[in-house]
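Architecture at a glance
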Amino acid sequence: MAPKLPPQHTLEQSSATTTAGQAQEHDHHHGGPTGIKRWLLTTNHKEIGTLYLLFSLSMFFIGGIFALVVRAELFQPGLQLVEPEFFNQMTTMHGLIMVFGAVMPAFVGLANWMIPLQVGAPDMALPRLNNFSFWLLPVAFGLLLSTLFMPGGAPNFGWTFYAPLSTDYGPPSTTFFIFSLHIAGISSILGAINIIATILNMRAPGMRMMDMPLFVWTWLITAFLLIAVMPVLAGVITMMLMDINFGTSFFDAGGGGDPVLFQHLFWFFGHPEVYIMILPAFGIVSAIVPAFARKPLFGYASMVYATASIAILSFLVWVHHMFVVGLPLAAELFFMYTTMLIAVPTGVKVFNWVTTLFRGSITFETPMLFALAFIVMFTIGGFSGLMLAIVPADFQYHDTYFVVAHFHYVLVPGAVFAIIAGAYYWLPKWTGHYPDERLGRWHFWLSVIGVNLTFFPMHFSGLAGMPRRIPDYALQFADFNMVSSIGGFIFGVSQLLFIAVLIKCVRGGEKAPAKAWDGAEDLEWTVPSPAPLHTFETPPDLTSQAPQRH
Amino acid sequence: MTPVQKTVTRTVVVLIGMFFFAFALVPLYDVFCRVTGLNGKAANQPQAMSNEEADTSRYVTVQFITRSSKGLPWELEALTRQVRVHPGQPTEVEFAFTNNSDDDVWGRAVPSVTPSEASLHMRKLTCFCFQEQLIGGGERIEMPLVFQLTRDLPEDINTVTLVYTLYPVDNDNVSQQVQTTSLEGGDA
């Protein structure tokens, strides 16, 4: 199965270094800059990938602290800790940071690290652009976080920033928020261009599109989604900017605009955006499940087509976020059915993962635990999504905690668990050491318990009518909220274990061979662990091989 | 061009296309809504009365709701909260504007029709909402709305709600409007 590497290539790798410190020296031979400049100026996909992942991790903690402020306030009914105004800033910043600062950069980081390794390319197609798109992010989120210290406070209108709430009634810092989102958007777009250019042009000779690992496939489709919808987001926030500062009336009914237009434009971006945050997760899980079930992925081609169908359908469902704005029956029916249609390709994926597990010789290392939890809990989130798709039911669920439960189930045990699973899976490749299995299990079980304690009761409080985004609630929701808050703190604190695992793994641990996991078959496992700074300078030749997957 | 350059060029073209598409959606949405009436916006021009006979076989309840908004010290009151009309029957209702401040202020009432399907069937012959109003400090003015629901109003619509929301008009916008409004004011 392993591709034949040209001898000269193997030689270089065998002389290549095995620890991070020596890898740096390897770089010195090329006369690269040192110290901080090495990271500011790097064009190496692995270093940029690491930067992305570290950035995303720090944003994950900052956004997590904001969430814990929210959960602390909601621990008991009544206003306890923070002003309602500040509470609104926390919910808004939590959403914005997690979506644009944590989940999206984490996937881009994984893409940077793994896509060149998985397609047998020496680097990304546009390495300097890669550097630029990363360094835009600290600027964007530095700016966004700085709004917390501005007069009037940070944005307080929810991560969906509905106009005219955000344009007429938002704080003065809204303009800074728009600018930071512009920068973050440009970063994502440049990242997407780079990924498309890499995948389409830099695959090893002999690797056809249908030979690509699913993580590569899902990212290719995600990148197209990014190209299609990030400009729409840029357009919407530009219109907001003009409404606020230049006297236009795109969303102001007083001047002939239409607030509902904002919602249409926002969700035309927003719905594909939620698939941008989950498709690469599908790719990661599709790599991990076969590796630990020691069976090839069941239904590779159907996985690719399912991903593509989800991506196409994502452009036809945006109105299901706004069923209550007052729509004609025909529109409600259309968007209800298209939304439910998405369950079909998603069901195909879940079926394929389960069938891959069927009669496999499964072992339960930490990456597999997170991947299995992903399958179960993402499916729960998918089912509550189906409930929300039913128009008459949605009239009741709209803007309640049921919605919060739904999207946290698909984003936390969905996207975030997949990212964590990916990190555990590829850590041996990144550091040369296996992550600590015992700590990893603690991290996993505490995370699973924390996540379910936090978000499962939200289904009930939502069905009972507890509204979103309010710092206080009626007494009958007290128990549910106390459980949610306790769960939130368990989940939050247990992520410190992840940091401990990461530090331990970088500093030492059981040495990992090139093929760190038994059943892992993709190209990245043919280069040594840790992966040297430069890999596949001569592409592996796959032309002589039998087709890998079918 | 290298293959990479080709890919990047194509992607950037799509990218720019999508950015302009987002802006093109604004007029497209407007046209779409004008044709289908989906956003509940009624025509903002006086329409001729259609000389169809009232359909006395059915009644439709028309409700009037008024709302003020931030930045305009006005009060708008529907003197008739609700009327029962036959489709095709022209009806006049009165609205009272009160300026609670001491200054002359420009403002405008923006209408919205619910359910939105009814907006295409709502013909307004006279409405205070067709132009900006200037109301003197402390003044109270009554203004009429004459409307007619067309006979082809869908059968399942039994209640139509008209909402008027008050919006302030910027001073710089007013300067352009003074001429037209003063002309119309002369007629009245």
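Everything that follows concerns the structure shown earlier in this document.
Small disclaimer: the values here were computed from a predicted structure and weren't measured.

Some thoughts on the overall build of chain A
Within chain A, the secondary structure is distributed over 18 helices and 0 strands. Computed over the C-alpha atoms, the radius of gyration of chain A is 23 Å, within 12% of the 24 Å expected from 2.2 N^0.38 for a compact globule of 550 residues. With respect to the three principal axes, the spread of C-alpha positions in chain A is 70 × 50 × 45 Å. Among the 550 residues that make up chain A, the fraction classed as buried is 61%. Total accessible area computed for chain A in this model is approximately 20,000 Å², and 71% of it derives from carbon and sulfur atoms. In chain A, 22 positive and 29 negative side-chain charges are present, and the distance between their average locations comes to 13 Å.

Section: the packing of aromatic side chains
In the structure shown here, the tally under the stated rule is 57 aromatic pairs over all chains. Between A:Tyr162 and A:Phe262, the aromatic rings sit 6.0 Å apart at their centres with planes inclined by 70 degrees, giving edge-to-face as the arrangement. With A:Tyr162 in the loop between α6 (127–146) and α7 (174–201) and A:Phe262 in helix α9 (residues 259–276), the pair connects residues that are 100 residues apart, well separated along the chain. Residue A:Phe262 is classed as buried on the basis of its relative accessible area of 0%. Between the aromatic rings of A:Tyr425 and A:Trp426, the centroid separation amounts to 5.3 Å while the plane-to-plane angle is 55 degrees, which identifies the pairing as tilted. The class for A:Trp426 is buried, based on a relative accessible area of 0%. Between B:Arg84 and the ring centre of B:Tyr59, over which it is positioned, the NZ or CZ distance is 4.4 Å.

Regarding the interface of chain A and chain B
The interface of chain A with chain B comprises 34 residues on the first partner and 25 residues on the second. Both sides of the chain A and chain B interface together cover about 2,300 Å² of buried area, and 77% of this is carbon and sulfur. The interface formed by chain A and chain B holds 0 salt bridges in total. At the junction of chain A and chain B, the tally comes to 2 residue pairs in polar contact (both at pLDDT 80 or more). Taken together, the elements giving at least two residues each to the side of chain A that touches chain B come down to α7, α8 (214–245) and α9 of chain A. Residue contributions to the side of chain A that touches chain B peak at 9 residues, all from α8(A). In terms of residue class, the side of chain A that touches chain B is built from 23 nonpolar, 8 polar and 3 charged.

About the cut-offs
Residues numbered from 1 in each chain as written. Chains lettered and ligands numbered in written order. Predicted model: local features only at pLDDT ≥ 70, side-chain atom pairs only at ≥ 80, totals over all residues. Heavy atoms only, no water. Helix = DSSP H or I, 4+ residues; strand = E, 2+ residues; numbered from the N terminus. Rg over C-alpha atoms; globule rule 2.2 N^0.38 Å. Buried < 20%, exposed > 50% of the residue type's maximum accessible area, 1.4 Å probe, protein only. Areas by Shrake-Rupley, 256 points an atom, 1.4 Å probe, with all protein chains shown as cover. Lys, Arg positive; Asp, Glu negative; His and termini not counted. Charge placed at Lys NZ, Arg CZ, Asp CG, Glu CD. Phe/Tyr/Trp six-rings, centres within 6.5 Å; stacked < 30°, edge-to-face > 60°. Lys NZ or Arg CZ within 6 Å of the ring centre and 35° of its normal. Contact = heavy atoms within 4.5 Å. Buried area = accessible area lost by both parts, 1.4 Å probe. Salt bridge = Lys/Arg side-chain N within 4 Å of Asp/Glu carboxyl O. Polar contact = N/O pair within 3.5 Å; in protein donor to acceptor, adjacent residues only side chain to side chain. Nonpolar A, V, L, I, M, F, W, Y, C, P; charged D, E, K, R; others polar.

Limitation: the analysis is restricted to geometry and does not speak to function.
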